[in-house]
Amino acid sequence: MENKNDVVDEVAIARALDAITEQEFCKMFKVTPLTARRWRQSGIAPLPILLGNTFIYPLSAIKEEMQNRVREPRSTGRKGMGVIA
């Protein structure tokens, strides 16, 4: 079982590498660790760094993934219904 110092060390290491822990990743995306694992296996999630038996997620990879998910507004098909400039 992991003790409190191990968790603190994971966070410290993640911060030093400009990354977040898997627990923080799951909280950010509101998913379970099982879902995070499935995302890793299927290539859906940003690629993590594996340190021993701990996954950490680089913030740069998360930001890039978020940028790839930005969608353009849908057209309503109605004239005059758009963005007001």
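As shown above, the structure is provided for reference.
The paragraphs below set out a description of the structure included in this document. Keep in mind that this is a model prediction, so the values were computed, not measured. (Residues numbered from 1 in each chain as written. Predicted model: local features only at pLDDT ≥ 70, side-chain atom pairs only at ≥ 80, totals over all residues. Heavy atoms only, no water.)

## Thoughts on unusual backbone geometry
Most peptide bonds take the trans form, and the phi angle of most residues other than glycine is negative. In the Ramachandran plot, aspartate 18 falls in the positive-phi region, its phi being about 55° despite a non-glycine side chain. With respect to the helices and strands, the residue aspartate 18 is situated in the loop between α1 (4–16) and β1 (19–21). Within the chain, lysine 30 stands out as a residue other than glycine whose phi angle is a positive 55°. Turning to its location among the elements, lysine 30 is positioned in the loop between α2 (22–29) and α3 (33–42). (Helix = DSSP H or I, 4+ residues; strand = E, 2+ residues; numbered from the N terminus.)

## Structural notes on the nonpolar core
For soluble globular proteins, nonpolar side chains are generally found buried alongside one another. Grouped together as the largest cluster of nonpolar side chains are 10 residues: Ile20, Phe25, Cys26, Phe29, Val31, Ala36, Trp39, Ala45, Tyr57 and Ile62. Elements with a contribution of two residues or more to this core: α2 and α3. Once you skip the residues sitting within four places of it in the chain, isoleucine 20 turns out to touch Ala14, Arg15, Phe25, Met28, Ile56, Tyr57, Leu59 and Ile62. (Core = buried A, V, L, I, M, F, W, Y, C linked by side-chain atoms within 4.5 Å. Buried < 20%, exposed > 50% of the residue type's maximum accessible area, 1.4 Å probe, protein only. Contact = heavy atoms within 4.5 Å.)

## Concerning the environment of asparagine 53
Its location among the elements puts asparagine 53 in the loop between β2 (49–51) and β3 (54–58). Among the polar contacts made by the side chain of asparagine 53, one reaches the side chain of threonine 54 at a distance of 3.5 Å. (Polar contact = N/O pair within 3.5 Å; in protein donor to acceptor, adjacent residues only side chain to side chain.)

## Here's the deal with the pattern of salt bridges
Per the counting criterion, the structure on display carries two salt bridges. When the shortest N-O distance is used, the salt bridge between glutamate 22 and arginine 40 registers 2.5 Å. Separated by 18 residues along the polypeptide, glutamate 22 in helix α2 and arginine 40 in helix α3 bring together distant segments of the chain. Take arginine 40: its relative accessible area is 17%, and that puts it in the buried class. (Salt bridge = Lys/Arg side-chain N within 4 Å of Asp/Glu carboxyl O.)

The analysis is restricted to geometry; functional conclusions fall outside its scope.
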